[in-house]
Amino acid sequence: MVSEVHISSFIVHAAANAIPDLTARLLDLDCEIVPARGDESRLIVLVERASDRAVADTLDAINALPGVYSALPVYHHAEPAAALAEPMP
């Protein structure tokens, strides 16, 4: 079986007063948070997982966090893990 890398992004809308705690919880879930300006109740979150199921599990976990109104997928890309080690043209 070929190992894959799945890269996804989500928009997370949450209560503004929950953002500090939410940020810590997202980091505990091994998520990256993209710095953004604008609405302080929304975060752009990136994840890298080994399968589409793991991405879906992470999305479910984010939606279950306290203060989260919604987490919606924006982007998903998958490729063999070996391809990431190849030089770019």
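So, a few notes on the structure that sits alongside this text.

Rules used in this analysis
The numbering scheme is per chain: residues are counted from 1 as the chain's sequence reads. For a predicted model such as this one, the threshold for reporting local features is a pLDDT of at least 70, and the threshold for listing and counting side-chain atom pairs is 80 or more; totals across whole chains, interfaces and linings nevertheless cover every residue. Neither water nor hydrogens contribute to the side-chain values; these are computed over all heavy atoms in the structure. For two strands to pair, DSSP has to find at least two bridges joining them. Numbering goes from the N terminus for both helices and strands, where a helix is a DSSP run of H or I of at least four residues and a strand is a run of E of at least two. Helix axes are fitted to C-alpha atoms over the stretch in contact, other axes to C-alpha atoms as well, and angles between N-to-C directions run from 0 to 180 degrees. Between two residues, a contact is recorded if the distance between any of their heavy atoms is within 4.5 Å. A pairing counts as a salt bridge when a side-chain nitrogen of Lys or Arg comes within 4 Å of a carboxyl oxygen of Asp or Glu. Relative accessibility decides the category of a residue: with a 1.4 Å probe and only protein chains considered, values under 20% of the type maximum give buried, values over 50% give exposed, and everything between is partly exposed. As used throughout, the charge tally considers Lys and Arg to be positive and Asp and Glu to be negative, leaving His and the chain termini uncounted. Under the rule applied, a polar contact is a pair of N or O atoms within 3.5 Å (in protein, one hydrogen donor and one hydrogen acceptor; residues adjacent in sequence only if both atoms are side-chain atoms). Take the number of residues in a helix, subtract one, and multiply by 1.5 Å to get its expected span. This arc is built from the directions going out from the helix axis to the C-beta atoms.

## A word on the pairing of strand 1 (residues 4-14)
Both strand 1 and strand 4 (residues 68-80) contribute to a ladder of 11 bridges, which runs antiparallel. Across the sheet, the residue bridging to Ile11 is Leu72, located in strand 4. In this structure, strand 1 lies alongside strand 3 (residues 42-49), joined through 8 bridges in antiparallel fashion. Within strand 3, the residue paired with Ser9 across the bridge is Leu46.

## Examining the sheet that holds strand 2 (residues 32-34)
Taken together, 4 strands build an open sheet; the order of strands is 2-3-1-4 and the sheet is antiparallel. Across the chains shown, the open sheet's two edge strands, defined by having one partner strand only, are strand 2 and strand 4. Adjacent strand axes in the sheet meet at a mean angle of 25°, parallel and antiparallel pairs treated alike. Running over the sheet, helix 1 (residues 19-28) touches strand 1, strand 2, strand 3 and strand 4 and is turned about 5° from strand 3.

## Considerations on the pattern of salt bridges
Applying the stated criterion across every chain yields a total of 4 salt bridges. When the shortest N-O distance is used, the salt bridge between Asp39 and Arg42 registers 2.2 Å. Look at Asp39 and you get partly exposed, because its relative accessible area is 41%. For Arg42, a relative accessible area of 40% corresponds to the partly exposed category.

## Thoughts on the side chain of Arg49
Mapped onto the secondary structure, Arg49 falls in strand 3. Among buried Asp, Glu, Lys and Arg side chains, Arg49 stands out as unpaired, with Asp30 the closest opposite charge at 4.1 Å. Separated by 2.7 Å, the side chain of Arg49 and the backbone oxygen of Leu29 make a polar contact. Other than its neighbours up to four places away in sequence, Arg49 contacts Glu4, Val5, His6, Leu29, Asp30, Cys31, Ala54, Val55 and Thr58.

## Regarding the environment of Asp28
Structurally, Asp28 is set in helix 1. Classification of Asp28 as exposed rests on a relative accessible area of 69%. Residues Asp28 and Met88, 60 residues apart in the sequence, show an inter-C-alpha distance of 31 Å.

## A closer look at helix 2 (residues 52-63)
Across its 12 residues, helix 2 extends 17 Å between first and last C-alpha, which sits within 8% of the 16 Å expected from 1.5 Å per residue. Taken together, the buried positions of helix 2 are occupied by Val55, Thr58, Leu59 and Ile62. The buried side chains of helix 2 occupy one side of the element, clustering within an arc of 100° when seen end-on. Contacts made by the buried residues of helix 2 are with strand 1, helix 1, strand 3 and strand 4.

Note that every value here comes from positions in space, so none of it alone points to a role or purpose.
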